[in-house]
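# Notes for the structure review
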Amino acid sequence: MDGMSDLPPLTTQTVFILTSFFAAAFFAWRRKLDPLSVAFGSSLIYFIPGFFGVAQFSYGEGLGEFSAPFVPDTYSVMSIVLAALVAGAAVIDRIAQPVGWEVNFQARIPAVLFSFAALATAASMNHTGTYFLCLDKSITLERIDAWYGYASMSAPFLVATAYALRQRVLTLVGCTFLVADMYAGFRLSTAITFMAIVMLSGDRLFQGRKAASLFILATVLAGASLFVVKHLIVPIKYATAGYCEGASPTRLTTKEYLSGTAMNLTRLRFYVSAFVSQSEPFVIQSMLNEVIRKDFRTGSDYLKGQILAGLPLGASLFGIDSSSVTTFNSRAQPVLFPDVRFQMANSPWAQAYAAGGLAMVSAFALGYATILCMLTMLFNATKGAVRAGIAAIAVWVGFYFHRNDLFIEIVYLKHVVYIFALALFIALGSHLMANLKAPRPH
């Protein structure tokens with residue numbers, strides 16, 4: 001280990017807590033809810049284990065639990081990320097921002113995104129079929145295809161743009177895609193959509209105490225529900241589990257399973273599992289802590305292949321084979337967590353530390369903050385549907401990066417940008433065609 005590793009853990013934890021406190025005070029003082037603010041909030045959520053000082057999670061029901069105290073450099077990594085976001089926001093706030101502009105064809109954008117989501121969903125259902133109903137998520141993951149990915153990326157754009165333009169019907173239709181996605185066992189699209197809408201509604205924080213209090217309460221409750229729903233998906237799907245092709249027979253009746261779930265909702269242990277022992281932040285920071293604690297190293301050479309995978313048309317123009325690029329998790333989990341049966345979420349900060357210590361973490365944090373600064377400038381410079389699209393992209397960066405390695409985030413972000421850019425292009429084409437066909441006054 002390097003950096004502050006010679007300091008006692010309590011000292012570095014204190015530095016982390018103080019950094020978090022002053023960073024939170026700074027972002028509150030800014031009075032802005034933009035991509036940098038959302039990234040800071042996302043970082044705090046994922047760094048919650050740092051306030052407890054322990055990395056822990058359950059291997060599964062009846063399979064035991066992993067637990068290890070945080071080592072000093074774990075706190076250093078988290079402090080560096082928060083400091084980078086504060087520095088980025090301080091710089092951006094000193095730059096004059098252009099007045100927001102909106103495109104004259106924006107009303108067509110949600111309809112285009114609806115067609116994307118609908119067509120991709122239909123194609124994915126045709127391919128995956130009843131495997132979406134399986135209780136075992138690993139079975140579903142083996143069967144889903146690229147079309148599912150396109151549908152799950154289009155839905156947040158659909159809801160966010162329709163919400164921004166107050167197209168209520170398309171907003172509700174988009175929400176049905178998100179509900180279906182959660183029923184299949186996936187929460188990511190809903191989380192992306194939720195945070196994008198929070199960003200778009202940020203002005204309510206500054207409309208008086210009552211409006212701000214209601215907005216904060218609704219945001220906290222909705223955010224907390226995303227943690228809890230993970231543990232309710234299986235019980236809710238129990239009624240249709242029998243339609244999953246090749247699934248094992250269920251041992252309990254639907255009534256018995258739902259009764260057991262209702263009982264769990266009254267127990268403290270259920271919420272401990274939802275927010276601590278089986279929550280993503282604790283699993284992810286356990287990986288970071290173990291990388292540092294056991295001095296796991298990968299070198300940095302393989303990062304070049306991960307970065308190149310994000311080049312547009314990389315496969316056709318540059319011969320880059322994304323399927324041959326290894327992820328950090330495929331290297332780290334078999335060594336650090338050989339007994340964990342499920343696939344752990346990647347940690348970009350663990351990846352950075354394994355590749356080059358705190359210096360590489362600082363480089364990752366600088367890149368992370370720089371991209372969010374650019375997105376913040378675009379968010380401030382736009383209005384309407386384009387601003388909503390920027391908000392969704394910013395959440396993909398600010399929030400989703402915390403649970404992926406560099407390769408997965410780059411590939412996802414590339415396709416997310418493609419989808420929104422294509423929607424803009426088609427909406428513009430449709431607008432131009434409509435103008436050409438419109439009768440002109442003599």
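For every chain, the first residue of its written sequence is number 1, and the numbers climb from 1 along that sequence. Thresholds applied to this predicted model are a pLDDT of at least 70 for local features of residues and 80 or more for the giving and counting of side-chain atom pairs; totals over whole chains, interfaces and linings are not thresholded and use all residues. Only hydrogens and water are set aside when side-chain values are computed; all heavy atoms of the structure are taken into account.

### Digging into unusual backbone geometry
Keep this limit in mind: A run of DSSP states H or I qualifies as a helix once it reaches four residues; a run of E qualifies as a strand once it reaches two. Both are numbered from the N-terminal end. The buried label goes to any residue with under 20% of its type's maximum accessible area, the exposed label to any with over 50%, and the partly exposed label to all in between, with areas taken from a 1.4 Å probe on protein chains only.
Positive phi, normally seen in glycine, also occurs at arginine 31, with a value near 55 degrees. Structurally, arginine 31 can be placed in the loop between helix H1 (9–30) and helix H2 (35–46). A relative accessible area of 52% means that arginine 31 is categorised as exposed. Here the phi dihedral of aspartate 295 falls at roughly 55 degrees; this positive angle occurs in a residue that is not glycine. Looking at the secondary structure, you find aspartate 295 in the loop between helix H14 (280–293) and helix H15 (302–308).

### Section: the environment of proline 98
To keep things clear, this is the line we draw: Residue contacts are counted whenever heavy atoms from the two residues lie within 4.5 Å of one another.
Along the polypeptide, proline 98 turns up in the loop between helix H4 (72–92) and helix H5 (109–128). Looking at proline 98, the relative accessible area reads 46%, which means it is partly exposed. In sequence terms proline 98 and threonine 382 are 284 residues apart; their C-alpha atoms lie 8.7 Å from each other. Discounting residues that sit within four places of it in the chain, proline 98 has contacts with Asn380 and Ala381.

### Comments concerning the pairing of strand E2 (residues 65–69)
Let me state the cut-off plainly: A strand pair is defined by DSSP finding two or more bridges across the two strands.
With burial as the criterion, only one face of E2 is covered, namely that bearing Phe66 and Ala68; the residues Glu65, Ser67 and Pro69 on the opposite face remain uncovered. Relative to E2, strand E1 (residues 54–58) is paired through 5 bridges, and the arrangement is antiparallel. Looking across to E2, one finds that valine 54 is bridged to proline 69.

### Details of helix H8 (residues 168–184)
Note the cut-off: Each helix should span, by expectation, one fewer than its residue count multiplied by 1.5 Å. The directions from the helix axis to the C-beta atoms are what the arc is built from.
Helix length check: H8 (17 residues) gives 25 Å between terminal C-alpha atoms against 24 Å at 1.5 Å per residue, within 8%. Burial in H8 covers these residues: Leu170, Thr171, Gly174, Phe177, Leu178, Asp181 and Ala184. Buried residues of H8 fall within an arc of 135 degrees about the axis and therefore sit on the same side. Facing away from the buried side of H8, by more than 90 degrees, are the exposed residues Arg168, Val169, Leu172 and Val179. Packed against the buried residues of H8 are H5, helix H6 (137–143), helix H7 (146–164), helix H9 (188–200) and helix H11 (233–237). Once H8 ends, the next one or two residues include glycine 185, with phi positive near 115 degrees.

### Some words on the environment of leucine 44
Inspection of the secondary structure assignment puts leucine 44 in helix H2. With a relative accessible area of 21%, leucine 44 lands in the partly exposed category. Between the C-alpha atom of leucine 44 and that of alanine 24, which follows or precedes it by 20 residues, the distance is 9.1 Å. Once you skip the residues sitting within four places of it in the chain, leucine 44 turns out to touch Ser20, Phe51 and Leu82.

### Side note on a nonpolar patch on the surface
The line we're drawing: What goes into a patch is any residue over 30% in relative accessible area without a salt bridge, connected to like charges within 9 Å or, for nonpolar side chains (Val, Leu, Ile, Met, Phe, Trp, Tyr), within 5 Å. Using a 1.4 Å probe, the Shrake-Rupley method yields the accessible areas, and only the shown protein chains count as cover for residues. When a carboxyl oxygen of Asp or Glu lies within 4 Å of a side-chain nitrogen of Lys or Arg, that pair is called a salt bridge.
Together, Ile17, Ile45, Ile48, Phe51 and Phe52 make up an exposed nonpolar region whose accessible area comes to about 420 Å². Relative to the helices and strands, phenylalanine 52 is located in helix H3 (residues 49–52). Classification of phenylalanine 52 by relative accessible area gives exposed; the value is 56%.

### Digging into the confidence of the model for the protein chain
Rules: A residue's pLDDT is the predictor's confidence in that residue, given on a scale from 0 to 100.
Residues at a pLDDT of 70 or more form 85% of the protein chain, whose mean pLDDT is 85. Looking over the protein chain, one finds the lowest element-wise mean pLDDT in helix H13 (residues 268–277), namely 56, and the highest in H4, namely 96.

### A closer look at the nonpolar core
The condition that has to hold: Nine residue types can take part in a nonpolar core, namely buried Ala, Val, Leu, Ile, Met, Phe, Trp, Tyr and Cys, and a core is a set of them joined through side-chain atoms within 4.5 Å.
Counting 101 residues, the largest nonpolar core has Leu85, Met287, Val291, Phe328 and Trp349 as the members making the most contacts within it. Top contributing element to this core by residue count: helix H18 (residues 348–381), with 16 residues. When neighbours within four sequence positions are excluded, leucine 85 is seen to be in contact with Phe27, Leu36, Ala39, Phe40, Ser43, Tyr368, Ala369 and Leu372.

### Some points on the side chain of serine 20
Note on placement: serine 20 falls in helix H1. Take serine 20: its relative accessible area is 4%, and that puts it in the buried class. When neighbours within four sequence positions are excluded, serine 20 is seen to be in contact with Phe40, Leu44, Phe51 and Leu82.

### As for the packing of aromatic side chains
Which entries qualify depends on this criterion: Within 6.5 Å between ring centres, the rings of Phe, Tyr and Trp (the latter by its six-membered ring) count as paired, and their orientation is classed by plane angle as stacked under 30 degrees, edge-to-face over 60, tilted in between. For a ring to carry a charge above it, either NZ of a lysine or CZ of an arginine must fall within 6 Å of the ring centroid while also lying within 35 degrees of the normal to the ring plane.
Under the criterion given, the structure shown has 24 aromatic pairs. Each ring, one from phenylalanine 16 and one from phenylalanine 51, has its centre 5.0 Å from the other, and the planes form 50 degrees; the classification is tilted. Here phenylalanine 16 is found in helix H1, whereas its partner phenylalanine 51 is found in helix H3, with 35 residues between them in sequence. On the basis of relative accessible area, phenylalanine 16 is assigned to the buried category, the value being 0%. On the accessibility criterion, phenylalanine 51 (37% relative accessible area) is partly exposed. Grouped by ring-pair contacts, the aromatic residues Phe16, Phe51, Phe70 and Tyr75 constitute a single cluster. The positively charged end of arginine 331 is found above the aromatic ring belonging to tyrosine 302, 4.0 Å away from the centroid. The ring of phenylalanine 379 carries arginine 387 above its face, with NZ or CZ at 4.0 Å from the centroid.

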